[in-house]
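Letter by letter, the chains look like this.
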Amino acid sequence: MSLLLPPGPARRLALYALIVCVLAAAAAVVSFVQGNWLGIVWVLLAGLASNMAWYYLKRGKQAKRDERDGARNSVTG
């Protein structure tokens, strides 16, 4: 799986969500190491950000595929 999508909002949002996911996971680890149960909130945020990154990555790939298929159909059709 790669982020080789055309520059656009889907790629940018996927990257931002991935960064938030990594930072939330790091915050959860630090929180649990310090003995603070608030780390559960960070784990939930990491899960949400992970799902958002996956969604935007898939959305960008689908848009790229639709764009390619649309160009192919306009040439042959």
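As a starting point, this report considers the structure included with it. Here the structure is a predicted model, which is why all the values come from computation and not from measurement.

Definitions and cut-offs
Residues numbered from 1 in each chain as written. Predicted model: local features only at pLDDT ≥ 70, side-chain atom pairs only at ≥ 80, totals over all residues. Heavy atoms only, no water. Phe/Tyr/Trp six-rings, centres within 6.5 Å; stacked < 30°, edge-to-face > 60°. Buried < 20%, exposed > 50% of the residue type's maximum accessible area, 1.4 Å probe, protein only. Patch = residues over 30% accessible without salt bridge, like charges linked within 9 Å, V, L, I, M, F, W, Y side chains within 5 Å. Areas by Shrake-Rupley, 256 points an atom, 1.4 Å probe, with all protein chains shown as cover. Salt bridge = Lys/Arg side-chain N within 4 Å of Asp/Glu carboxyl O. Helix = DSSP H or I, 4+ residues; strand = E, 2+ residues; numbered from the N terminus. Contact = heavy atoms within 4.5 Å. Lys, Arg positive; Asp, Glu negative; His and termini not counted. Charge placed at Lys NZ, Arg CZ, Asp CG, Glu CD. Expected span 1.5 Å × (residues − 1).

## Points about the packing of aromatic side chains
So, point 1. Tallying each qualifying case throughout the model produces 2 aromatic pairs.
So, point 2. Summarising the aromatic geometry, the rings of F32 and W37 are spaced 6.0 Å apart at their centres and angled 80° between planes, so their arrangement reads as edge-to-face.
So, point 3. Among the residues examined, F32 registers a relative accessible area of 38% and is labelled partly exposed.
So, point 4. Look at W37 and you get exposed, because its relative accessible area is 67%.
So, point 5. With a centroid separation of 5.1 Å and 70° between ring planes, the pair formed by Y55 and Y56 is classed as edge-to-face.
So, point 6. Look at Y55 and you get partly exposed, because its relative accessible area is 47%.

## Observations concerning a nonpolar patch on the surface
So, point 1. On the surface, a nonpolar cluster with roughly 650 Å² of combined accessible area is contributed by L13, L15, Y16, L18, I19, V22 and L23.
So, point 2. Inspection of the secondary structure puts L13 in helix α1 (residues 9–33).

## Some points on the side chain of S31
So, point 1. Summarising the element assignment, S31 is placed in helix α1.
So, point 2. Ignoring any residue separated from it by four or fewer positions in sequence, one finds S31 in contact with N36, L38, G39 and W42.

## Here we look at the environment of L15
So, point 1. Structurally, the position occupied by L15 is in helix α1.
So, point 2. Of the residues examined, L15 reaches a relative accessible area of 39% and is grouped as partly exposed.
So, point 3. Sequence separation between L15 and A53 is 38 residues, and the spatial gap between their C-alpha atoms is 6.9 Å.

## Considering a positive patch on the surface
So, point 1. On the surface, a cluster of positive charge is contributed by K58, K64, R65 and R68.
So, point 2. Taking relative accessible area as the criterion, R65 reaches 37% and is therefore assigned partly exposed.

## A few points about α1
So, point 1. Here α1 is 25 residues long and its end C-alpha atoms lie 36 Å apart, about the 36 Å a rise of 1.5 Å per residue gives.
So, point 2. Burial in α1 covers these residues: A10, A14, A17, C21, A24, A28 and S31.
So, point 3. G35 occupies a position one or two residues after α1 and carries a positive phi of about 85°.

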